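Overview (structure and organization)
Residues per chain are reported as follows:
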Amino acid sequence: MTTYKPRVISLTKTPGQTFGFYLRVEQNEEGHLIRCLEMGGPAELAGMKDGDRILRVNGTFVDELSHSEVVELVRDGGASVSFHILDESSYKKAKALGVKLSDPHLTPVAKGATKEPPKLKLCYLVKTSSGYGFSLRSVRGEPGLFMTQVDSGRVAYNAGVRNEDRLLEVNGENIESYTHDEVVEKIKLGGKSVMLLLVDKETDSFYRNKKNKIGSWLATVKFLPLQPRFINLTKGSNGYGFLLKEDPGQGGHFIGEVDKGSPADKAGLRKMDRVVAVNGTDVDKCSHKQVVDWIRLCDNTCSFLVVDKDTDQMYKQVSHLLTCSLSSSAYNELRPKLCRMEKTSAGYGFHLNGIEGVLGQYITEVVKGGAADKAGMENDDVVIEVNGENVEQSTHAEVVNIIRRSGNTLEMLVARQDVYKQLKATGVKTTPLLLGETFKGKTRTAESPKPNREEEKQQQQEEEDEARPETPPQQERQRTPSVSSSSSEDGIDERL
């Protein structure tokens, strides 16, 4: 059963201390956002995350209140305040699906596991000598411009463009109110490449029926030719084996020298990769010291979302999608599926395929409308876990026995074959943790997986009100890993 169940977090501060976060509202963002968590502060220690939305303060529903009213409620709470928190991805999906967040029980939106809402698509086109391979047309009685004459095998088609797709944005700018000639000129100004945001008829109808606003925060990036990379590192005897640099001239945190043969080198980290996220935390707005602290807190393993120069340049048209990462939409394309099913009179509605005595199992013959289909399972999905038990090294007979012992309910962690191969290639251990869920042991709850953030995050701020008083915060927790660092006018280097 898919629910949007908030977390209840109670914070207490001592005299002179703060709760350790900023409460913000931002342009093009809904809700009251948690930002700038103080490392080691009460909020961070209690489990608040950057981008979380506050739904209630001391039991009062605040999602429809003004920023100043919410700030006043927090201040009136004194030294102890209780917050109902929903993670960013779940909040935005709940809004898109029309979930009534004021409901104290947050009524389930669907029976069984719900498939992802349909997505818009971002398509990046690089012009050849024969052009892009599409035309634009308007339709009488319908707003906007539509793709036509999309030639099979040419640039536009290969980039994911299809006939009748409606054009929403050109190079990150909304063009829905533009004339045909203005849009053509906008595309020409892009030079030899262009980033298009498109929506097909079915997806367009889905969101129109729900009267939801649509934009690039709802887009898939699977059609883009370059993707951010998810790097999982395990510390060696000499650390991770790379230098972290801050370059004020370029903005951002970059990989400096990578030691040959080090964990970083073997995992594919490269010099001048830009670090977008560390362990799922967006570090774009963090100081160099904060990023170093995040890495130190990783203990012996650490996950990075990085982009090389070409990928970074391409994403500049839609930079907010990078900062959404594990966060980002790109990462959401690279994650498994947790499928929870209840057996019907027809069974679960799939076949487990494998060779007796050979490791590795996959799904076939998914019955349309059956339990597996409704849970999001697809033909050729690779089976990773069954009821919390990893079966990648299990034989076909062993996996069948686990399923038979499950009774009338079954939970399976699966992944599309292309996703599974990419995760394996990057050395990422495929577990439900990639979905952002928190589990108690191996017993999974009936709650739906919390997807990683895949929606828009703008950098502009309309208002900001500190949740910190003037006095300094508590002393930071001690961190044992040592680093060597050097600084210059050009930036700061940190050996990790």
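A quick note: this is a predicted structure, and the numbers were derived from the prediction, not measured.

**A few points about helix H12 (residues 396-404)**
- Taken together, the buried positions of H12 are occupied by His396, Val399, Val400, Ile402 and Ile403. Buried residues of H12 fall within an arc of 160 degrees about the axis and therefore sit on the same side.
- Contacts from the buried residues of H12 go to strand E21 (351-353), strand E23 (382-386), strand E24 (389-390) and strand E25 (409-415).

**Describing the confidence of the model for the protein**
- Mean pLDDT over the protein: 77, with 77% of residues reaching 70 or higher.
- Within the protein, strand E26 (residues 461-466) has the poorest average pLDDT of any element, 33, and strand E10 (residues 166-170) the best, 94.
- Low pLDDT, under 50, characterises residues 324-332; the stretch is placed with 47 contacts to residues that sit more than four places away or in other chains.
- Overall, residues 436-496 carries pLDDT values under 50, and its contacts beyond four positions in sequence, including any with other chains, amount to 206 contacts.

**Notes on the packing of aromatic side chains**
- Going through the model one piece at a time under the given rule, you end up with 6 aromatic pairs.
- Seen from their ring centres, phenylalanine 21 and phenylalanine 83 are 5.9 Å apart, and the 85 degrees between their planes marks the pair as edge-to-face. Here phenylalanine 83 lies in strand E6 (residues 80-86) and phenylalanine 21 lies in the loop between strand E1 (7-12) and strand E2 (22-26), a separation of 62 residues in the sequence. Like phenylalanine 83, phenylalanine 21 is buried.
- A connected cluster of aromatic rings, assembled from ring pairs, spans Phe19, Phe21 and Phe83.
- Of note, lysine 13 hangs over the ring of phenylalanine 19, and the distance from its end group to the ring centre comes to 4.7 Å.
- A cation over an aromatic ring shows up here: arginine 162 above the ring of tyrosine 157, its NZ or CZ 3.7 Å from the ring centre.

**Comments concerning unusual backbone geometry**
- You will see that glutamate 164, though not glycine, has its phi angle at about 80 degrees, which is positive.
- Locating glutamate 164 in the fold gives a position in the loop between helix H4 (155-158) and E10.
- For glutamate 164, a relative accessible area of 27% translates into the label partly exposed.
- If you check the backbone angles, methionine 272 has positive phi at about 75 degrees while not being a glycine.
- Its place among the elements puts methionine 272 in the loop between helix H7 (263-267) and strand E17 (274-278).
- Owing to a relative accessible area of 32%, methionine 272 belongs among the partly exposed residues under this scheme.

**Section: the environment of proline 228**
- Among the secondary structure elements, proline 228 is positioned in the loop between strand E13 (219-220) and strand E14 (229-234).
- Measuring from C-alpha to C-alpha, the distance between proline 228 and valine 275 comes to 9.9 Å, with 47 residues separating the pair along the chain.

**Examining the side chain of aspartate 273**
- By the element assignment, aspartate 273 lies in the loop between H7 and E17.
- By relative accessible area, which is 2% here, aspartate 273 ends up buried.
- Reaching out from aspartate 273, the side chain makes a polar contact with the side chain of arginine 229 at a distance of 2.6 Å.
- Only 2.9 Å separates the side chain of aspartate 273 from the backbone nitrogen of arginine 270, close enough to count as a polar contact.
- Leave out the neighbours within four places in its chain, and aspartate 273 touches Arg229, His253, Phe254, Ile255, Gly268, Val306, Val307 and Asp308.

**Observations concerning the nonpolar core**
- Within the largest apolar cluster, 21 residues are counted, with the highest numbers of intra-cluster contacts made by Met341, Phe350, Met377, Val386 and Met412.
- Of all the secondary-structure elements, those providing two or more residues to this core are strand E20 (337-342), helix H11 (371-374), E23, H12 and E25.
- When residues in this core are grouped by element, the largest group, 4 residues, is from H12.
- Discounting chain neighbours no more than four positions away, the residues touching phenylalanine 350 are Met341, Ile363, Thr364, Glu365, Val366, Ala372, Met377, Ile403, Leu410 and Met412.
- Core analysis: the second largest hydrophobic core is formed by 20 residues, Leu145, Met147, Val150 and Val194 among them.

**Digging into helix H3 (residues 88-96)**
- Most of H3 is tucked away, with 8 of its 9 residues classed as buried.
- All of the buried residues in H3 are Glu88, Ser89, Ser90, Tyr91, Lys92, Lys93, Ala94 and Ala96.
- Among the structural elements, strand E4 (53-57) and E6 are those in contact with the buried residues of H3.
- Measuring from the backbone nitrogen of serine 89 back to the side-chain oxygen at the start of H3 gives 3.2 Å, which picks out aspartate 87 as the cap.

**Notes on the state of the cysteines**
- Counted according to the given criterion, the structure contains 0 disulfides.
- Cysteine cysteine 286 is unpaired, with the sulfur of cysteine 36 as its nearest cysteine sulfur at 8.0 Å.
- The exposure class assigned to cysteine 286 is buried, which follows from its relative accessible area of 18%.

**Re the pattern of salt bridges**
- Per the stated rule, a full pass over the model turns up 26 salt bridges.
- The shortest N-O distance in the salt bridge between lysine 95 and aspartate 63 comes to 2.9 Å. Residue lysine 95 is located in helix H3, and its partner aspartate 63 is located in the loop between strand E5 (60-61) and helix H2 (67-76); the two are separated by 32 residues in the primary sequence.
- A residue is classified by how much of its surface remains accessible, and lysine 95, at 28% relative accessible area, is partly exposed.
- Accessibility expressed as a relative area gives 11% for aspartate 63, which makes it buried.
- A salt bridge links aspartate 273 to arginine 229; the shortest N-O distance between them is 2.6 Å.

**A closer look at the environment of lysine 127**
- On the secondary structure map, lysine 127 appears in the loop between strand E7 (120-126) and strand E8 (135-139).
- Along the sequence, lysine 127 and lysine 192 sit 65 residues apart, while their C-alpha atoms lie 5.1 Å from each other.
- If near-sequence neighbours (up to four positions away) are discounted, lysine 127 is found in contact with Tyr132, Gly191 and Lys192.

**Considering the pairing of strand E16 (residues 253-258)**
- Here strand E15 (residues 242-246) runs beside E16; their pairing, made up of 4 bridges, is antiparallel. Opposite glutamate 246, over in E16, you have histidine 253 as the bridge partner.
- Hairpin remark: E15 followed by E16, antiparallel, with 6 residues in the connecting loop; positive phi at glycine 251, about 80 degrees.

Definitions and limits used
Residues numbered from 1 in each chain as written. Predicted model: local features only at pLDDT ≥ 70, side-chain atom pairs only at ≥ 80, totals over all residues. Heavy atoms only, no water. Buried < 20%, exposed > 50% of the residue type's maximum accessible area, 1.4 Å probe, protein only. Helix = DSSP H or I, 4+ residues; strand = E, 2+ residues; numbered from the N terminus. Arc of directions from axis to C-beta. Contact = heavy atoms within 4.5 Å. pLDDT = per-residue confidence, 0-100. Phe/Tyr/Trp six-rings, centres within 6.5 Å; stacked < 30°, edge-to-face > 60°. Lys NZ or Arg CZ within 6 Å of the ring centre and 35° of its normal. Polar contact = N/O pair within 3.5 Å; in protein donor to acceptor, adjacent residues only side chain to side chain. Core = buried A, V, L, I, M, F, W, Y, C linked by side-chain atoms within 4.5 Å. Disulfide = S-S within 2.5 Å. Salt bridge = Lys/Arg side-chain N within 4 Å of Asp/Glu carboxyl O. Pairing = 2+ DSSP bridges.

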